[in-house]
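Now for the letters of each chain:
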Amino acid sequence: TLFPYTTLFRSNKRVKERREAVLDMMTFLDASMVRIGELRTLHFHSCRLDKNTDGDPMLSCEVTGKRGTRTIVAQQPAAEVYERRLKNAQPKDLIFPEHCRDGFRELLEAAGLRTDARGFTRNLKSMRATSISTMLLENPEINLTIVARNAGTRIDMIDTFYAKRLTAEMFKDTLSKQPNAVGVKGIQERKKQLLRALYKEQQEDPRHEWEREDKDD
């Protein structure tokens, strides 16, 4: 767990501060979808605390990176990290003045997570992938455009590298839900409309839709 990691070598103040910084950076990255380079250049004055319609704390920040400058919305954990670190800093200061690369690597090695099941090495950039994937998995009906805008990437990148973790079974209630119809008569009318449409399509093209789909794929 992370807690023992932050309490090791408690007698060494510097080590303790570095380990707490690692935890703060991980938390911020996981709650914001920002790139590590964007976070490393983020100042306190570029962020503002706010609350959503449910009253939950959130953090809005102007980040600058490889895709230019954009406004991102981070969840409550990032807001808490920001508020706590601001107490010992000035608005013009960087939120994370030091890189936590080495500390994060040591944590991964201690936890046996330095490489994944396919042999790829994990680093702080992995936290962005975790953040985006978690957002999609916990909110499977979220608009991918919104996620892409917040992450500063393209929709096709989200769909290709992150949304592939979503399965049809996750949407079983939505996919099986009947559209609003008035009782049995409404459902029967829908069936008639569907049959008429299929008949008309067959007259225009004898191949069924799914046959064309298979060929196109």
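Shown above is the structure to which this text applies.
Remember, it's a predicted structure, so these values are computed and weren't measured experimentally. (Residues numbered from 1 in each chain as written. Predicted model: local features only at pLDDT ≥ 70, side-chain atom pairs only at ≥ 80, totals over all residues. Heavy atoms only, no water.)

**Points about helix α5 (residues 101-111)**
In an α-helix there are 3.6 residues to a turn, and that puts residues three or four apart on one side. Three or more residues of α5 are buried, namely Gly 103, Phe 104, Leu 107 and Leu 108. All buried residues of α5 project into a common sector of 140 degrees when viewed along the axis, lining one side. Phi for Gly 112, located one or two positions after α5, is positive at around 70 degrees. (Buried < 20%, exposed > 50% of the residue type's maximum accessible area, 1.4 Å probe, protein only. Helix = DSSP H or I, 4+ residues; strand = E, 2+ residues; numbered from the N terminus. Arc of directions from axis to C-beta.)

**Quick look at the state of the cysteines**
Under the defined criterion, the tally for this structure stands at 1 disulfide. The disulfide that involves Cys 47 links it to Cys 61, with 2.4 Å between the sulfurs. Handedness here is read from the sign of the S-S torsion; for Cys 47 and Cys 61, about 110 degrees, the answer is right-handed. On the criterion of sequence distance, the pair formed by Cys 47 in strand β1 (residues 47-51) and Cys 61 in strand β2 (residues 57-65) is long-range, its members being 14 residues apart. With respect to burial, Cys 47 and Cys 61 carry one shared label: buried. (Disulfide = S-S within 2.5 Å.)

**Digging into the environment of Ser 32**
Summarising the element assignment, Ser 32 is placed in the loop between α2 (13-30) and α3 (36-40). Residues Ser 32 and Ile 72, spaced 40 residues apart in sequence, show a C-alpha to C-alpha distance of 7.3 Å. The residues touching Ser 32, leaving out its near neighbours within four places in the chain, are Ile 72, Ala 74, Ser 131 and Asn 150. (Contact = heavy atoms within 4.5 Å.)

**Details of the side chain of Thr 153**
Inspection of the secondary structure assignment puts Thr 153 in the loop between α7 (144-151) and α8 (155-161). Each residue touching Thr 153, except ones within four places of it in the same chain, is listed here: Arg 35, Arg 128, Ala 148 and Ile 158.

**Things to note about unusual backbone geometry**
Here the phi dihedral of Met 33 falls at roughly 70 degrees; this positive angle occurs in a residue that is not glycine. Relative to the helices and strands, Met 33 is located in the loop between α2 and α3. The class for Met 33 is buried, based on a relative accessible area of 5%.

**Thoughts on the sheet that holds β2**
Reading across from one edge, β1-β2-β3 is the order of the 3 strands in this open sheet, with antiparallel pairing throughout. Pairing within the sheet leaves two strands with one partner each, and these edge strands are β1 and β3 (68-74). For this sheet the average axis-to-axis angle between neighbouring strands, irrespective of direction, equals 25 degrees. Both β2 and β3 contribute to a ladder of 7 bridges, which runs antiparallel. Looking across to β3, one finds that Glu 62 is bridged to Thr 71. Seen against the sheet, helix α4 (residues 76-86) touches β1, β2 and β3 and runs at an angle of roughly 80 degrees to β2. (Pairing = 2+ DSSP bridges. Axes fitted to C-alpha atoms, helices over the stretch in contact; angles between N-to-C directions.)

**Details of the packing of aromatic side chains**
Per the counting criterion, the structure on display carries 2 aromatic pairs. Ring geometry for Phe 28 against Phe 96: centres 6.1 Å apart, planes inclined by 85 degrees, an arrangement best described as edge-to-face. In this pair, Phe 28 sits in helix α2 while Phe 96 sits in the loop between α4 and α5, placing the two residues 68 residues apart along the sequence. With relative accessibility at 0%, the residue Phe 28 sits in the buried group. Look at Phe 44 and Tyr 82: their rings are 5.6 Å apart centre to centre, the planes differ by 50 degrees, and that puts the pair in the tilted class. Of the two residues, Phe 44 is situated in the loop between α3 and β1 and Tyr 82 in helix α4; the sequence distance between them amounts to 38 residues. For the pair formed by Phe 44 and Tyr 82, the shared burial category is buried. (Phe/Tyr/Trp six-rings, centres within 6.5 Å; stacked < 30°, edge-to-face > 60°.)

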